[in-house]
Amino acid sequence: MTVGSPGATRKGRARLLVVAGLVLLIVVGVVAYLSRPEPSVGSSAVAALESATPTASSAPPAAAAGPEATAPAEEVAPARLEIPALKLDATVAAVGVDAETGEFDVPPSVDRVGWYRFGPGMTATAGSIVVAGHVDSADQGKGAFFRLSSLEPGDRMTLAGPDGTDRAFQVVARERYSKTRIPLDKYFARDGAPRLTLITCGGPFDSKTRHYRDNIVVTAEPVS
Amino acid sequence: MRLVPLRRVTAVGAATLIAFGGLGALTATPAFAATSQVSVVHGIPGQNVDVYVNGKKTLPDFAPGKVAGPLSLEEGSYDIALTKPGDDISKALLKVDDAEIPGGADISLVAHLSEDGKPALTPFANDVKKVAAGQARIIVRHTAAAPAVDVRAGGKPVFENLTNPKEAKADLPAGSVEADVVLAGTDTVAIGPADLNLKEGTATIVYAVGSAEDKTLDLVTQTITGLHSAPGGVPSGSGGQADRGLGLAWYALAAAGLLMLALGARRLVPGRR
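Small disclaimer: the values here were computed from a predicted structure and weren't measured.

Peer 1: What am I meant to see in the overall build of chain A here?
Peer 2: Within chain A, the regular secondary structure consists of 3 helices and 10 strands. Going from the N terminus to the C terminus, chain A shows its helices and strands as α-α-β-β-β-β-β-β-β-β-α-β-β. Burial statistics for chain A: of 224 residues in total, 37% are counted as buried. In chain A, of all internal contacts separated by at least 6 residues, the share reaching a separation of at least 24 is 62%.

Peer 1: Please explain the overall build of chain B as it appears in this structure.
Peer 2: Of regular secondary structure, chain B possesses 3 helices and 16 strands. When burial is assessed residue by residue, chain B has 38% of its 273 residues classed as buried. The long-range fraction of contacts in chain B, counting pairs at least 24 apart against all pairs at least 6 apart in sequence, stands at 65%.

Peer 1: Is there a simple way to think about the pairing of strand β8 (residues 166–178) of chain A in this case?
Peer 2: Two faces belong to every sheet, and in a regular strand the side chains alternate between them. Residues and elements named next belong to chain A. Looking at chain direction, strand β7 (residues 156–160) and β8 are connected through 5 bridges and run antiparallel. Bridging across to β8, T158 finds its partner in A168. With 10 bridges connecting them, β8 and strand β10 (residues 211–223) associate as antiparallel partners. Note on β10: the bridge partner recorded for A168 is V223.

Peer 1: Where do I start with the interface of chain B and chain A in this structure?
Peer 2: In many analyses, interface size is given as the accessible surface area lost on bringing the parts together. Contact with chain B, which involves 39 residues of that partner, is made by 51 residues of chain A. Broken down by element, the residue count for the side of chain B that touches chain A peaks at 13 residues, all from helix α3 (residues 248–268) of chain B. Residue classes in the side of chain B that touches chain A are distributed as 20 nonpolar, 15 polar and 4 charged.

Peer 1: Got a minute to help me understand the pairing of strand β1 (residues 80–83) of chain A in this structure?
Peer 2: Residue and element names in this part refer to chain A. Covered by surrounding structure in β1 are L81 and I83 only, the residues R80 and E82 on the alternate face being uncovered. Here β1 pairs with strand β2 (residues 88–95) via 4 bridges, running antiparallel. By the bridge assignment, L81 is partnered in β2 with A90. Here β1 hands over to β2 after 4 residues, with K87 in that stretch at a positive phi of 50 degrees. For β1 and β7, the ladder comprises 3 bridges, and the chain directions are antiparallel. Looking across to β7, one finds that L81 is bridged to L159.

Peer 1: Is there a simple way to explain the sheet that holds strand β6 (residues 94–101) of chain B in this structure?
Peer 2: Residue and element names in this part refer to chain B. The antiparallel open sheet is built from 4 strands, whose spatial order is β3-β2-β5-β6. The two strands at the open ends of the sheet, each matched to only one other strand, are β3 (56–62) and β6. Strand-to-strand twist in this sheet, taken as the mean axis angle between neighbours without regard to direction, amounts to 20 degrees. Note that strand β5 (residues 76–83) and β6 share 6 bridges and pair antiparallel. Bridge pairing links A81 to K95 in β6.

Peer 1: Would you mind showing me how to read α3(B) here?
Peer 2: Residues lying three or four places apart along an α-helix face the same way, a consequence of the helix completing one turn every 3.6 residues. Residue and element names in this part refer to chain B. Given a rise of 1.5 Å per residue, 21 residues ought to cover 30 Å, and the 30 Å separating the end C-alpha atoms of α3 matches this to within 8%. Listed in full, the buried residues belonging to α3 are G257, M260 and G264. The arc enclosing the buried residues of α3, seen along the axis, measures out at 65 degrees, which places them on a common side. More than 90 degrees from the buried face of α3, the exposed residues found are L248, Y251 and A252.

Peer 1: Explain unusual backbone geometry to me, please; I cannot follow it from the model alone.
Peer 2: Comment: phi is negative for the bulk of residues other than glycine, and the bulk of peptide bonds are trans. Residue and element names in this part refer to chain B. Here N164 and P165 are connected by a cis peptide whose omega angle stands at 0 degrees. In this model, N161 sits at a positive phi of 55 degrees, which is unusual for a non-glycine residue. Considering the arrangement of structural elements, one finds N161 in strand β11 (residues 156–162). The residue K215 is not glycine, and still its phi comes out positive at about 55 degrees. With respect to the element layout, K215 can be found in the loop between β15 (203–209) and β16 (218–224).

Peer 1: Even after reading the chapter, I still don't get the sheet that holds β1(A), so can you show me in this structure?
Peer 2: Strand pairing in a sheet relies on backbone hydrogen bonds. The paired strands run either parallel or antiparallel. Residues and elements named next belong to chain A. Strands sit in the order β1-β2-β3-β4-β9-β10-β8-β7 around a closed barrel of 8 strands; the barrel is mixed. In this sheet, adjacent strand axes meet at a mean angle of 35 degrees when their direction is disregarded. Running over the sheet, helix α2 (residues 43–51) touches β8, β9 (195–206) and β10 and is turned about 120 degrees from β8.

Peer 1: Just to check I follow, could you spell out the confidence of the model for chain B for this structure?
Peer 2: Fine structural detail should not be taken from predicted coordinates in areas where pLDDT scores are low. Residues and elements named next belong to chain B. With 86% of its residues at a pLDDT of at least 70, chain B reaches an overall mean of 86. In the model, residues 1–19 has pLDDT below 50 throughout and makes 32 contacts with residues more than four positions away in sequence or in other chains. Overall, residues 24–31 carries pLDDT values under 50, and its contacts beyond four positions in sequence, including any with other chains, amount to 11 contacts. With pTM at 0.79, the complex prediction returns an ipTM value of 0.78.

Peer 1: Would you take a moment to explain the environment of A:D98 for this structure?
Peer 2: If you trace the backbone, A:D98 turns up in the loop between β2 and β3 (113–116). Measuring from C-alpha to C-alpha, the distance between A:D98 and A:G202 comes to 21 Å, with 104 residues separating the pair along the chain.

Peer 1: How do you make sense of the nonpolar core when you look at a structure like this?
Peer 2: What tends to happen in soluble globular proteins is that the nonpolar side chains get buried as a cluster. Core analysis: the largest hydrophobic core is formed by 108 residues, its most contacted members being A:V131, B:Y207 and B:A208. Per element, the largest residue contribution to this core is 6 residues, and it comes from β15(B). Excluding residues that lie within four positions of it along the chain, A:V131 makes contacts with A:L81, A:V92, A:V113, A:G114, A:W115, A:L196 and A:L198.

Peer 1: I keep staring at the environment of B:R244 and nothing clicks. Help me out?
Peer 2: Relative to the helices and strands, B:R244 resides in the loop between β16 and α3. Using a count of 15 C-beta atoms within 10 Å as the deciding quantity, one classes B:R244 as partly exposed. Contacts of B:R244, omitting those with residues within four sequence positions, involve A:S35 and A:P37.

Peer 1: Just checking my understanding: could you explain the environment of A:G133 for this structure?
Peer 2: For A:G133, the position within the fold is in strand β4 (residues 128–133). For the pair formed by A:G133 and A:T200, sequence separation is 67 residues and the distance between their alpha carbons is 5.5 Å. A:G133 has contacts with A:A90, A:V106, A:V113, A:G114, A:G143, A:A144, A:F145, A:T200 and B:S236, leaving out every residue within four places of it along the chain.

Peer 1: I tried to follow the confidence of the model for chain A on my own but got confused; where do I start?
Peer 2: With 88% of its residues at a pLDDT of 70 or more, chain A has an overall mean of 86. Predicted confidence is poor over residues 56–71 of chain A, with pLDDT under 50, and the contacts of this stretch with residues over four places away or in other chains come to 11 contacts.

Rules and cut-offs
Residue numbers restart at each chain and count upward from 1, following the sequence in its written direction. Chains carry letters and ligands carry numbers; both start at the beginning, A for chains and 1 for ligands, and go up in the order they are written. Totals for whole chains, interfaces and linings use every residue, but because this is a predicted model, local features are given only for residues with pLDDT of at least 70 and side-chain atom pairs only at 80 or more, for both listing and counting. Secondary structure counts use DSSP, requiring at least four H or I residues in a row for a helix and at least two E residues in a row for a strand, with both numbered from the N terminus. With C-beta atoms placed from the backbone, a residue is labelled by how many other C-beta atoms lie within 10 Å of its own: buried for 20 or more, exposed for 12 or fewer, partly exposed between the two. Contact definition: two residues whose C-beta atoms, as placed from backbone geometry, lie within 7 Å. We treat two strands as partners when DSSP finds at least two bridges between them. Residue polarity is assigned by list, with Asp, Glu, Lys and Arg as charged and Ala, Val, Leu, Ile, Met, Phe, Trp, Tyr, Cys and Pro as nonpolar; anything else, Gly included, falls into the polar class. For helices, the fitted axis covers only the stretch in contact; all axes are lines through C-alpha atoms, and the angles between them, taken along N-to-C directions, range from 0 to 180 degrees. Helices are assigned an expected span. That span is 1.5 Å times one less than the residue count. Relevant arc is that of directions from the helix axis to the C-beta atoms, nothing else. The pLDDT value tells you how sure the predictor is about a given residue, anywhere from 0 up to 100. To define a nonpolar core, we join buried Ala, Val, Leu, Ile, Met, Phe, Trp, Tyr and Cys residues through C-beta atoms within 7 Å and take the resulting set.

Next comes the structure, spelled out in structure tokens:
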């Protein structure tokens, strides 16, 4: 590049513009790639669990089937949820439904997660044990399930009962649904194979309504 | 022991048939389901019975206060008879011929006393529509030889002026309630109080049975499970920190990059000026 010639300088500046423009585009492209939402994995595994008939071997030893097996005992509430891959050890509260909205009553405190007390409990031999937690909150920051969408099939987790018993699970699926399309009946089913279903929010955030568009659902099956 | 009315039973058989005729209108019948679930409730004090369906002994030695079944019955007409345990069907205590069972319904067939103390066999169509998440259904049926009653929960009337053989129902938040039955418009307790555990996603059907005159009034409870539905949604984030989509600044940056590229390219391309 010849300095001093007006033509050359102009050409040099033009080249600089092209290079800078390309660099910017590449940077934006890389960021866009890195921030893309994780695709759903394992949906077929969820469908298989849903339609499976629970077998006797999947029953935890604690649940002894008495002569009155048709009358289900009270469900056992889990006390803690541990997910080593997320460095998470959260208190589990037994929750129901918000009387005003009819929605899952997720514990207001974001470091706690809520177990759906109307559905299967931690010793359940059939159906979906549902635990939901905040991804974040406007006034409390990141929630217990902030990184739920980074779980991968094979990751382990443990539900611990109040009396020291625990039950281990292994992730088989991670799915993302628009909140208007999520098949909640499937995730709140009380039949099918025993499984643990973790739910939080994700996807694009609407800062006007202060809601996320999507739900993230992680399904895990018991491991012995 | 009050066996007298049971001997009078065959006489009222014809009268109770009317109730069956009206049942079809009460039950929504999906076209695909031709089988009905039929539970049998014994609400006549003091006499075990054998229950015959179409001449076949279906429920032997069925005790008062019990609920049996559900039996899966194809849509059609049935002959139902109740005998003393071991007695021949020709000596039936209570008999209903050609009872129409509609398809795809959930029915409770109740042997009980009418308001004036005569045995009757009344079918009720059970409301098995799903209940909202967190809710439980309570259905109360007056099938006792007693006048009109109010049903109270926690001391407050919930269903008022219920007469034999009518029912009243409501969907309530799941949980335990202390219920009692009083003579309509009074505080005179006829039955109870009894603790009812209304489990979420179930229907609890409570029958008032027996006779006020004979002081045999009691409650019989039937539960139908599997009526639960999922919550309306799972709202679990209000911060927006987990939104990993690109913000406006990134789009502006991309636009700037494109602009620079375009300007530079234009200057580099010869012959344009």
